[in-house]
Amino acid sequence: MYWEIGIKIGAESGQVTVHPAALQESAWNNAVEHALEMATALYPQQRIELEWVKEYETHEEGVA
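So, a few notes on the structure that sits alongside this text. (Residues numbered from 1 in each chain as written. Predicted model: local features only at pLDDT ≥ 70, side-chain atom pairs only at ≥ 80, totals over all residues. Heavy atoms only, no water.)

**Some points on the side chain of E4**
At step 1: Examined against the element boundaries, E4 turns out to sit in strand β1 (residues 2-9).
At step 2: Although E4 is buried, it forms no salt bridge, and the closest oppositely charged side chain is K54 at an N-O distance of 5.2 Å.
At step 3: E4 has contacts with Q15, V16, T17, W52, V53, K54 and Y56, leaving out every residue within four places of it along the chain. (Helix = DSSP H or I, 4+ residues; strand = E, 2+ residues; numbered from the N terminus. Buried < 20%, exposed > 50% of the residue type's maximum accessible area, 1.4 Å probe, protein only. Lys, Arg positive; Asp, Glu negative; His and termini not counted. Salt bridge = Lys/Arg side-chain N within 4 Å of Asp/Glu carboxyl O. Contact = heavy atoms within 4.5 Å.)

**Some thoughts on the packing of aromatic side chains**
At step 1: For the structure on display, the rule yields 1 aromatic pair.
At step 2: Considering the side-chain rings of Y2 and Y56, the 5.1 Å spacing of their centres and the 20° angle between planes classify their relative orientation as stacked. With Y2 in strand β1 and Y56 in strand β3 (residues 48-56), the pair connects residues that are 54 residues apart, well separated along the chain.
At step 3: One cation-aromatic arrangement involves K54 over W52; the distance from NZ or CZ to the ring centre is 5.1 Å. (Phe/Tyr/Trp six-rings, centres within 6.5 Å; stacked < 30°, edge-to-face > 60°. Lys NZ or Arg CZ within 6 Å of the ring centre and 35° of its normal.)

**Quick notes on the pairing of strand β2 (residues 12-18)**
Consecutive side chains of a regular strand alternate in pointing toward one face of the sheet and then the other.
At step 1: Direction of pairing for β1 relative to β2: antiparallel, over a ladder of 7 bridges. Across the sheet, the residue bridging to W3 is V18, located in β2.
At step 2: Hairpin remark: β1 followed by β2, antiparallel, with 2 residues in the connecting loop; positive phi at G10, about 65°. (Pairing = 2+ DSSP bridges.)

**Some details on the environment of H19**
At step 1: As for its position among the elements, H19 is in the loop between β2 and α1 (28-42).
At step 2: With relative accessibility at 44%, the residue H19 sits in the partly exposed group.
At step 3: Placed 15 residues apart in sequence, H19 and E4 show a C-alpha to C-alpha distance of 8.9 Å.

**Notes on the pattern of salt bridges**
At step 1: Overall, the coordinates contain 1 salt bridge when judged by the stated rule.
At step 2: Put simply, R47 and E49 hold a salt bridge, and the shortest N to O gap is 3.0 Å.

As structure tokens, then:
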């Protein structure tokens, strides 16, 4: 499972892909928090807004 987090930094919209390995606990709200914290660290003077969250299931190789 992984998440795509849509965020707006200033006037620019974009997305951040978050994999569970980057999180202490694998949950969508932790993925959102991680993405927003990273954006704030990179752009501390900009307004950061959450726009959307998409969750994707991954299938292990060889499993149908």
